[in-house]
Amino acid sequence: MAGIDETRPFVPLGIAVLTVSDTRTLADDRSGDTLAARIIDGGHRLEARAIVPDDKARIAAQVEAWTLDDTIDVVITTGGTGFTGRDVTPEALEPLFEKRMDGFSAVFHRISYEKIGTSTIQSRATGGVANATFIFVLPGSPGACRDAWDGILKQQLDYRHMPCNFVEIMPRLGEHLKRS
């Protein structure tokens, strides 16, 4: 059975949040605020937060820089996962992925379907690993951020979650980077 094993210690992670938007600022970034609050309330460290416009190069550059920062274990982006011309977050970040996490998208859509029905197909949420850092690409709505955190990330980013979680495999994420 899945659940929290209280005999295991909680391991706080360093998490960065990137909002992708041409119009939002920190003053009105409800999705970024939603994620930041959940990260802190969950006992993790909000190591960085930024907003960049819907520009592939700038999105990729910011996320790649964070994956090279030893204090950041996880990057969560919000915004730019739709189908309009300016929605380019998956195109910006999937080329960085060394491993793609197809299950993240599948579970996100299952959770989202329960709340918004078939409208979930309008999101290209995705996840992967780059430079031994987990990356999760979420839609830009606060509801989607809540669904992803509450339904997936809160458990998978908790070392106490059993039968398995992302934290326990983190020391091995960079094995391929150490090979000559």
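Our structure is the block above this text.
Residues numbered from 1 in each chain as written. Predicted model: local features only at pLDDT ≥ 70, side-chain atom pairs only at ≥ 80, totals over all residues. Heavy atoms only, no water.

Here's the deal with the nonpolar core
Considering soluble globular proteins, one finds that nonpolar side chains tend to be buried as a cluster.
Point 1. Counting residues in hydrophobic clusters, the biggest one holds 27 residues, and the most contacted among them are I76, F134 and F136.
Point 2. The set of elements that each furnish at least two residues to this core consists of β2 (14-20), α1 (30-41), β4 (74-78), α4 (102-116), β7 (133-138), α5 (142-156) and α6 (166-169).
Point 3. Ranked by residue count, the leading element in this core is α5, at six residues.
Point 4. One finds V20, V52, W66 and V88 within the second-largest nonpolar core, a separate group that totals 20 residues. (Core = buried A, V, L, I, M, F, W, Y, C linked by side-chain atoms within 4.5 Å. Buried < 20%, exposed > 50% of the residue type's maximum accessible area, 1.4 Å probe, protein only. Helix = DSSP H or I, 4+ residues; strand = E, 2+ residues; numbered from the N terminus.)

Observations concerning the packing of aromatic side chains
The relation between two aromatic rings is expressed through the spacing of the ring centres and the mutual angle of the planes.
Point 1. Tallied over the entire structure, the rule returns five aromatic pairs.
Point 2. Centre to centre, the rings of F104 and F136 are 5.0 Å apart; their planes meet at 50 degrees, and the pair counts as tilted. Here the residue F104 occupies a position in helix α4, and F136 occupies one in strand β7, the gap between them amounting to 32 residues.
Point 3. Accessibility expressed as a relative area gives 3% for F104, which makes it buried. (Phe/Tyr/Trp six-rings, centres within 6.5 Å; stacked < 30°, edge-to-face > 60°.)

Focus: the packing of α4 against α5
Point 1. The geometry of α4 relative to α5 is characterised by a closest axis approach of 10 Å and an angle of 120 degrees between their N-to-C directions. One way to sum up the angle between α4 and α5 is to call them oblique. In this structure, α4 crosses over α5, and the sense of that crossing is right-handed. In contact with F104, V107, F108, I111, S112 and K115 of α4, α5 contributes A144, D147, A148, G151, I152 and L153.
Point 2. Residue classes in the contact of α4 with α5 are distributed as eight nonpolar, two polar and two charged. (Axes fitted to C-alpha atoms, helices over the stretch in contact; angles between N-to-C directions. Parallel < 35°, antiparallel > 145°, perpendicular 65-115°, else oblique. Left-handed = near helix turned anticlockwise from the far one by under 90°. Contact = heavy atoms within 4.5 Å. Nonpolar A, V, L, I, M, F, W, Y, C, P; charged D, E, K, R; others polar.)

Quick notes on α1
Point 1. Its 12 residues give α1 an end-to-end C-alpha distance of 16 Å, which sits within 8% of 16 Å, the value for a rise of 1.5 Å per residue.
Point 2. Looking only at α1, the buried set comprises S31, G32, T34, L35, A36 and I39.
Point 3. In this structure, the buried side of α1 is in contact with β2, β3 (45-52), β4, β7 and α5.
Point 4. Looking one or two residues past α1, G43 carries a phi angle of roughly 90 degrees, positive in sign. (Expected span 1.5 Å × (residues − 1).)

Brief notes about the pairing of β7
Point 1. Among the six residues of β7, six are classified as buried, and the element is accordingly described as predominantly covered.
Point 2. Alternating positions in β7 separate into two faces, T133, I135 and V137 on one and F134, F136 and L138 on the other, with burial throughout.
Point 3. Taken together, the five bridges between β4 and β7 define a ladder with parallel strand orientation. Within β7, the residue paired with T77 across the bridge is V137.
Point 4. Hairpin geometry of strand β6 (residues 126-130) and β7 is characterised by an intervening segment of two residues between the two adjacent antiparallel strands and by a positive phi of about 50 degrees at N131. (Pairing = 2+ DSSP bridges.)

Purely spatial values, then, with no claim about function.
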